Amino acid sequence: MLGLTHRRVWALRSTVSLLVAAWLAAGCPSVRAQTALPDYASQVYILLNQFRAQNSVPLLRRVVPLDAAAQTYANLMAATGHYSHTGPDGSSPADRMATAGYAWTLWGENIAFGQDTPNEVMAAWINSPSHRDNMLNGNFRDVGIGAARAADGTIYWVQDFGASSQTYPLSQDMTLPGDTTPPVITAVRVSGVTSSAATVSWATNEPADSQVEYGTTAAYGSSSPLDPTLTTTHTVTLSSLSAATTYYCRVKSRDAAGNLAVTSDFIITTVAAPDTTPPVITAVAAGGIGTTSVTITWTTDEPSDSQVEYGPTAAYGAATALSTARVTSHSVPISGLKASTTYHYRVKSKDAASNLAVSGDYTFTTASPPDTKAPVLSAVSCTNVTSCSATISWTTDEPSDGVVMYGLGPGYGQTATSAEFTTNHVVTLTGLTPNTLYHYAVRSRDPSGNVSTSGDAMFATLREPDTTPPSIRDLSVVGRSPTSVSVSWTTDEPADGQVEYGPTEEYGSSTPLDTLRGVSHTFVLSGLQPATLYHYRVRSSDAAGNQAISADGTFTTPLPRGDINGDGRVTIVDAVLVLRFLAGLDTPSQAQLAAADLDANGKISVADALIVLKLVVGIAA
């Protein structure tokens with residue numbers, strides 16, 4: 001029985017499934033005996049590369065990890081009779097190659113069984129289109145070969161193909177039997193040298209592949225990708241080179257039999273990189289600004305020409321003549337400008353490689369024509385006049401400083417100055433004499449030195465303010481009765497008046513304020529309690545609001561006439577008290593003395609006792 005299958009994968013490597021390492025490392029548990037056939041595997045490798053050479057396809061390298069994967073799988077199939085690209089553990093050829101340590105970017109596999117010799121199995125694969133495609137695939141670079149005989153004599157064959165970015169140890173030499181002569185390399189030429197690339201071409205006397213080794217030393221260090229196409233005319237372009245750099249190079253070509261030819265060193269020097277960097281413009285400035293001219297200056301980091309664009313807007317509209325002299329310090333004069341005008345400008349410089357730099361937008365303002373007109377003064381006035389100060393204000397039709405000249409006559413003699421340039425001027429005069437007539441005039445000078453002076457004017461200061469309170473004099477309490485008293489005083493200037501009174505020094509009551517200002521003041525306090533001590537003080541304020549307050553005083557209201565005991569009525573008890581005072585049995589208080597002296601002779605007598613009795617019986621008033 002003969003078997004033949006292949007498997008091809010063209011996609012780049014993706015995540016591989018988990019492998020069962022036991023099947024690959026040692027095979028599954030033996031079902032039947034098997035024997036590896038390394039000599040058969042070596043013969044299949046030679047036949048495979050001969051077949052590729054006949055079809056101008058680069059030879060494959062037989063590498064250790066693919067050999068391990070192929071031989072292990074051949075052993076497994078011979079031992080178990082299992083025949084499939086998918087192993088008994090579910091592994092794929094890609095899984096088995098990866099487990100063997102091969103980092104593939106592309107893989108393929110041919111398997112077969114039942115053929116007895118390497119020639120037979122190769123013939124079977126060559127006659128199968130899909131297996132033939134695998135063997136002639138120019139994208140494969142490496143191969144592993146496996147051959148194993150089962151206990152029943154059946155031979156199982158495996159070819160594992162791969163491509164990888166890594167290099168692996170060879171398990172068999174690539175040289176084919178018979179052809180041992182390498183290609184002859186001639187006509188090595190270098191062309192198309194730029195700052196980053198160069199093209200190397202050569203010829204060989206037989207079809208061979210193409211590769212160039214290169215580097216900045218004779219150790220090289222870099223190489224072009226191997227072009228496996230077998231040809232006699234070779235062209236390789238080196239890219240990503242450094243500008244203005246010397247490279248050591250050699251070319252390599254290998255024929256279909258694997259014979260390698262290598263040239264001796266030759267040198268390539270790349271050209272300097274083109275200058276694509278514009279000058280760097282700095283320190284742009286406008287100087288020497290006049291009424292109709294200006295000079296624009298700037299610097300560049302490399303020699304460059306000079307030109308200035310300018311105009312009343314950022315659209316410019318005018319430009320200086322191009323100065324082709326290449327310098328790093330630039331100075332360009334501009335004339336024919338308008339006075340008192342703001343101009344926009346930008347500078348331009350181009351280096352020897354025609355790289356143009358343009359600055360940002362800047363502005364300057366030309367100077368004004370000479371000013372010969374004096375300021376016009378108006379609205380000169382004097383306000384806020386006090387006894388010692390006054391405010392002088394005026395306006396000018398252009399910014400100017402301000403000076404006030406003042407004094408007791410038109411000769412003035414004193415000045416007050418405001419150095420600020422403004423059109424609204426305010427200067428305050430201080431330290432004036434009260435109740436005095438002053439003369440004054442104002443003067444303003446513009447920035448150009450033109451001066452205007454006003455005519456003479458006058459103002460009078462006020463009298464000095466009154467800050468002295470009235471003087472309270474002759475304070476007295478008269479006209480006392482049990483329920484009222486009269487308080488009077490005088491002041492040294494017209495003033496209002498008011499009395500505060502009460503049983504304590506906190507007072508608590510006051511008369512209405514008498515706002516009629518005078519120098520003699522009298523107030524009647526009524527509604528008082530008989531025989532009671534009262535505290536009082538008086539207040540007076542003059543027209544300037546200065547207030548005088550007297551010291552605290554006291555007075556005591558008397559008892560009612562005949563009410564000796566102060567119970568508010570006249571009874572027989574009061575008559576008895578008078579008699580007791582007469583008999584010397586009791587001593588009267590001052591209030592009792594005043595209430596009992598009914599005949600007002602300053603003492604208590606029998607006549608006072610009779611009057612009290614008449615009051616009791618109602619025959620005296």
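Residues numbered from 1 in each chain as written. Predicted model: local features only at pLDDT ≥ 70, side-chain atom pairs only at ≥ 80, totals over all residues. Heavy atoms only, no water.

Section: a nonpolar patch on the surface
Which entries qualify depends on this criterion: Patch membership needs two things, relative accessible area over 30% and no salt bridge, and members are linked within 9 Å if like-charged or within 5 Å if nonpolar (Val, Leu, Ile, Met, Phe, Trp, Tyr). Areas reported here follow the Shrake-Rupley algorithm with a probe of radius 1.4 Å; residue values treat only the protein chains shown as occluding. The working definition used for a salt bridge is a side-chain nitrogen of Lys or Arg within 4 Å of a carboxyl oxygen of Asp or Glu. Counting from the N terminus, the helices are the DSSP runs of H or I reaching at least four residues and the strands are the DSSP runs of E reaching at least two.
On the surface, a nonpolar cluster with roughly 950 Å² of combined accessible area is contributed by Ile572, Val573, Val576, Leu579, Leu582, Val606, Leu610, Leu613, Val616, Val617 and Ile619. Listed by contribution, the elements that provide at least two residues to the nonpolar patch are helix H7 (572–583) and helix H9 (606–617). By the secondary structure assignment, Leu579 is in helix H7.

Notes on unusual backbone geometry
At Tyr220, a position not held by glycine, the phi torsion is positive, near 65°. Looking at the element boundaries, Tyr220 is found in the loop between strand S9 (198–215) and strand S10 (222–223). Even without a glycine there, the phi angle at Ala283 is positive, about 55°. Looking at the element boundaries, Ala283 is found in strand S15 (residues 281–287).

As for the environment of Val404
Selection criterion: Should any heavy atoms of two residues lie within 4.5 Å, those residues are counted as being in contact.
Take Val404: it is sitting in strand S23 (residues 390–407). Those residues in contact with Val404, other than ones at most four positions away along the chain, are Ile392, Trp394, Gln414, Thr415, Ala416, Val427, Leu429, Tyr440, Ala441 and Val442.

Topic: the pattern of salt bridges
Tallying each qualifying case throughout the model produces 10 salt bridges. The partner of Lys252 in a salt bridge is Glu213, and the shortest N-O contact between them spans 4.0 Å. Of the two residues, Lys252 sits in strand S12 (residues 246–254) while Glu213 sits in strand S9, which places them 39 residues apart along the sequence. Asp586 is the partner of Arg580 in a salt bridge, and the nearest nitrogen-oxygen pair spans 2.5 Å. Bridged by salt links that share partners, the residues Glu213, Arg250 and Lys252 form one connected network.

Some details on the packing of helix H2 (residues 38–54) against helix H5 (residues 118–126)
Convention followed: All axes here are fitted lines through C-alpha atoms, helices being fitted over the stretch that makes contact, and every angle between N-to-C directions spans 0 to 180 degrees. Angle categories are assigned with fixed cut-offs, so that under 35 degrees is roughly parallel, over 145 is roughly antiparallel, 65 to 115 is roughly perpendicular, and the rest are oblique. In this scheme the handedness of a crossing depends on how the near helix is turned from the far one: anticlockwise by less than a right angle means left-handed, clockwise means right-handed. Under the convention adopted here, Pro, Cys and the residues Ala, Val, Leu, Ile, Met, Phe, Trp and Tyr are nonpolar, Asp, Glu, Lys and Arg are charged, and Gly plus all remaining residues are polar.
Across the interface, H2 lies against H5 with an axial gap of 9 Å and an inter-helix angle of 40°. By the angle between their directions, the pair H2 and H5 is classed as oblique. You can see that H2 and H5 cross each other, and the crossing is right-handed. Across from Tyr40, Gln43, Val44, Leu47, Leu48 and Phe51 in H2, the residues of H5 making contact are Pro118, Asn119, Val121, Met122, Trp125 and Ile126. Broken down by class, the residue content of the contact of H2 with H5 amounts to 10 nonpolar, two polar and no charged.

A few points about the state of the cysteines
The following threshold applies: Note that a disulfide, as used here, is simply two cysteine sulfur atoms within 2.5 Å. Think of it in three bands: with a 1.4 Å probe and only protein chains considered, a residue is buried below 20% of the maximum accessible area for its type, exposed above 50%, and partly exposed in between.
Tallied over the full model, the rule gives zero disulfides. Cys388 provides the cysteine sulfur closest to Cys382, a residue in no disulfide bond, and the two sulfurs are 13 Å apart. A residue is classified by how much of its surface remains accessible, and Cys388, at 39% relative accessible area, is partly exposed.

A short note on the environment of Trp104
Quick reminder of the rule: Any pair of N or O atoms that falls within 3.5 Å is considered a polar contact. Within protein, one atom must be able to donate a hydrogen and the other to accept it, and sequence-neighbouring residues count only if both atoms are side-chain atoms.
Here Trp104 shows up in the loop between helix H4 (93–99) and strand S4 (106–113). Looking at Trp104, the relative accessible area reads 4%, which means it is buried. When the C-alpha atoms of Trp104 and Gln166 are compared, they prove to be 8.6 Å apart, with 62 residues separating the residues in sequence. Among the polar contacts made by the side chain of Trp104, one reaches the main-chain carbonyl oxygen of Ala94 at a distance of 3.3 Å.

Notes on the domain arrangement of the chain
It is common to give the size of an interface as the accessible area that goes away when the parts come together. Counted only if it meets this: The split into domains, and so the bounds of each, comes from an automatic or database assignment of domains.
According to the domain assignment, the chain consists of domain 1 (35–163), domain 2 (185–269), domain 3 (281–366), domain 4 (377–461), domain 5 (472–551) and domain 6 (572–617). With centres defined by C-alpha atoms, the gap from domain 2 to domain 4 works out at 97 Å.

Details of the packing of aromatic side chains
Basically, it comes down to this: Stacked, tilted and edge-to-face pairs are distinguished by plane angle, under 30 degrees for stacked and over 60 for edge-to-face with tilted covering the rest, among Phe, Tyr and Trp rings (Trp via its six-membered ring) whose centres lie within 6.5 Å.
Inspection of every chain in the model, using the stated rule, returns 14 aromatic pairs. Look at Tyr40 and Trp157: their rings are 5.7 Å apart centre to centre, the planes differ by 10°, and that puts the pair in the stacked class. Here Tyr40, found in helix H2, pairs with Trp157, found in strand S6 (residues 155–163); they are 117 residues apart in sequence, far enough to count as distant. Looking at Tyr40, the relative accessible area reads 23%, which means it is partly exposed. Judged by relative accessible area, which is 1%, Trp157 ranks as buried.

A word on the pairing of strand S8 (residues 185–191)
Moving residue by residue along a regular strand, the side chains alternate between the two faces of the sheet. So the rule is basically this: In this analysis, strands are considered paired if DSSP registers two or more bridges between them.
As paired strands, S8 and S9 are joined by five bridges and run antiparallel to one another. Following the sheet pairing, Val190 is matched in S9 by Val200.

Here's the deal with the packing of H7 against H9
Contact geometry of H7 with H9 gives a least axis separation of 9 Å together with a crossing angle of 170°. On the basis of their axis angle, the class for H7 and H9 is roughly antiparallel. From H7, Ile572, Asp574, Ala575, Val578, Leu579 and Leu582 reach across to H9, where they touch Val606, Asp608, Ala609, Val612, Leu613 and Val616. Of the residues contributing to the contact of H7 with H9, the split by class is 10 nonpolar, no polar and two charged.

Examining the environment of Leu337
Relative to the helices and strands, Leu337 is located in the loop between strand S18 (323–334) and strand S19 (342–350). By relative accessible area, which is 6% here, Leu337 ends up buried. A C-alpha to C-alpha distance of 88 Å links Leu337 and Ser509, two positions 172 residues apart in sequence. With near-sequence residues (within four places) excluded, Leu337 lies in contact with Thr291, Thr292, Ser293, Val294, Tyr310, Tyr343, Phe364 and Thr366.

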